[in-house]
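Per-entry structural report
One-letter residues, chain by chain:
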Amino acid sequence: MLPANLLAHLHAAFPPDRFYTDPVDCYAYAYDNSRKIFPPDAVLFPLTAKEVQHIVSLCNQYQVPLIPRGRGTGTAGGSLPEVGGIVLSLERMLSIISVDPANRVIVAEPGVLNQSIQDAAKPHGFFWPPDPSSATFSSVGGNIATSAGGPHAVKYGTTREHVLGLKAVTGAGNFITTGCYTTKGVVGYDLTRLLIGSEGTLAIITEATLKLTALPGAVAGITAHFHDLSSCTAAIVRIMALPQLPSALEFLDSGSLNLIRGRYPDMLPAETNAMLMIEVDGSSTDISAALAAILEACQTDGLIHANQVDNAEALWKARKALSPLLREIAPKKINEDVVVPVNTLPQFLHELAQLSANHQLHNVNFGHAGNGNIHVNLLIDPNDASEVARAERCLDEIFDLVIKLRGTLSGEHGIGSEKRAFITKEIDHATLQLMKNIKQLFDPNNILNPGKLFPAAE
Ligand SMILES: Cc1cc2nc3c(=O)[nH]c(=O)nc-3n(C[C@H](O)[C@H](O)[C@H](O)COP(=O)(O)OP(=O)(O)OC[C@H]3O[C@@H](n4cnc5c(N)ncnc54)[C@H](O)[C@@H]3O)c2cc1C
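Let us look at the structure shown here. Since this is a predicted model, take the numbers as computed values, not measurements.

So, about the overall build of the protein chain. For the protein chain, the helix and strand inventory stands at 16 helices and 18 strands. For 458 residues, the compact-globule estimate of 2.2 N^0.38 gives 23 Å, and the protein chain sits close to it at 23 Å. Reported as C-alpha extents along the three principal axes, the dimensions of the protein chain are approximately 70 × 60 × 45 Å. Put simply, the protein chain has 458 residues, and 54% of those count as buried. Within the protein chain, counting contacts between residues at least 6 apart in sequence, those at least 24 apart form 72% of the total. For the protein chain, the exposed area adds up to about 19,600 Å²; of that, 54% sits on carbon and sulfur atoms.

Pasting the structure below:
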């Protein structure tokens, strides 16, 4: 329940179509892709940074939680109002403020969809490299707050590498401007990078200066089919040691391939047990050299065949369909997005198979192998208490394995509420304490996304 005085202030400042309090209207803002449900007490739709600041000031005054939200596609529970309060939906801050080809920059408001940025950049021969599979329906603000990335991160990096500056309102209600408009700049601390990936816990992003990249001259694809996992992972390590960097290097294990076979029966040979989908881009000379080197690197003992593909579109479609397919067969799958150094992928996937077998669990693994970023999916029946308990133990051991290999718990989804219990596996006490102190500086009353990121007991 929100304080009556706060409600009165908000009713005075916002029309009913930008201030929801009816539980039925609010329900649409109660969940994200973590599939957990926490209904908010209200939802606000600001149109300007000034309105955002006004809301933050009121929430400070009345000590009410404020949960920033883009399009609610996050997977880690980051936009869920776990303790009630107000969801601040940035989805109506939709302006592309400027497109500036000479400086290779687009300035945009946080609600703009990733795809709209691509559409605005393309006519000028540019693109914005962050490419989550959710690009057509996730927002720039959400992408920045989670440092989103996709298949092309192996060559182009994640959102962190493609933002020059931000405007934001801190949890204390201050307007701040971080970074600069130019591609070089060393003035002060790098607060842009601090805000990127901060999952709405420090400040609300109200404007972003995005760094564009030239579209590649040409693109080509290879698919490589393997009899077994170990020859496939050996090929990944060989490819990544080449000077020619693929623009995408996606891995699918036998579980993933079987899912695709279920949906697209004639697409894959029966004997393929592991597969790579590889993309290269650049000039046609660069591409010829890269294709030859990568095809050579695929020549491991278990290779069935590796070929250049003329039209990889159908395959990419199948790859994109994997997450929804997994949802269909296991609505309560546990989906992690761990990362390990590429040269440890063979050991990681081998030990992962052992862990799943030890805990009698089915798992399906696929992902951005070029970054060592594997989507580990434990398929569970939520009504089977023993299976759920085994999955929890297995997950704990998977995270231990990731840390042992010098990996990281999340490559793209973030910590949110889903993984906060595990953050101390990766971040030591002193470092975590410093992060908490930073949170305190930005958000002294802990109104912004309270409870996210940090372990509950901390
Ligand atoms: C089918 C599907 C495929 C996906 N594929 C990928 C993928 O390939 N790669 C990937 O990285 N992710 C992927 N995701 C996850 C998700 O799309 C990304 O995390 C995305 O960046 C979230 O954007 P959003 O606008 O939906 O943000 P939300 O889910 O609304 O919010 C995410 C986090 O950002 C914060 N936030 C949102 N806007 C702001 C703002 N303006 N200021 C401050 N904080 C803010 C929220 O508080 C929350 O913590 C996928 C999700 C789905 C459903």
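Let's pick the thread back up.
This paragraph deals with the pairing of strand β8 (residues 163-170). Across the eight residues of β8, seven count as buried, placing the element largely inside the fold. Relative to strand β10 (residues 203-211), β8 runs antiparallel, the two being bridged by seven bridges. Within β10, the residue paired with Val 163 across the bridge is Leu 210. The turn linking β8 back onto strand β9 (residues 175-179) is made up of four residues, and Gly 173 within it adopts a positive phi angle of 95°.

With that settled, the discussion passes to unusual backbone geometry. In this structure, Arg 104 takes a positive phi of about 55° despite not being glycine. Mapped onto the fold, Arg 104 is located in the loop between β5 (96-100) and β6 (105-108). Even without being glycine, Asn 446 reaches a positive phi, approximately 50°. When you line up the elements, Asn 446 lands in the segment after α16 (429-442). Since its relative accessible area comes to 40%, Asn 446 is described here as partly exposed.

Where helix α8 (residues 229-240) contacts helix α13 (residues 345-358), the axes come no closer than 9 Å and their chain directions differ by 155°. For the element pair α8 / α13, the angle class is roughly antiparallel. Of the two possible hands of crossing, α8 and α13 adopt the one that is right-handed. Contact with α8, carried on its side by Leu 229, Thr 233, Ile 236 and Val 237, involves Leu 345, Pro 346 and Leu 349 of α13 and no other residues of that element. The residue makeup of the contact of α8 with α13, split by class, is six nonpolar, one polar and no charged.

Rules used throughout
Residues numbered from 1 in each chain as written. Predicted model: local features only at pLDDT ≥ 70, side-chain atom pairs only at ≥ 80, totals over all residues. Heavy atoms only, no water. Helix = DSSP H or I, 4+ residues; strand = E, 2+ residues; numbered from the N terminus. Rg over C-alpha atoms; globule rule 2.2 N^0.38 Å. Buried < 20%, exposed > 50% of the residue type's maximum accessible area, 1.4 Å probe, protein only. Contact = heavy atoms within 4.5 Å. Areas by Shrake-Rupley, 256 points an atom, 1.4 Å probe, with all protein chains shown as cover. Pairing = 2+ DSSP bridges. Axes fitted to C-alpha atoms, helices over the stretch in contact; angles between N-to-C directions. Parallel < 35°, antiparallel > 145°, perpendicular 65-115°, else oblique. Left-handed = near helix turned anticlockwise from the far one by under 90°. Nonpolar A, V, L, I, M, F, W, Y, C, P; charged D, E, K, R; others polar.

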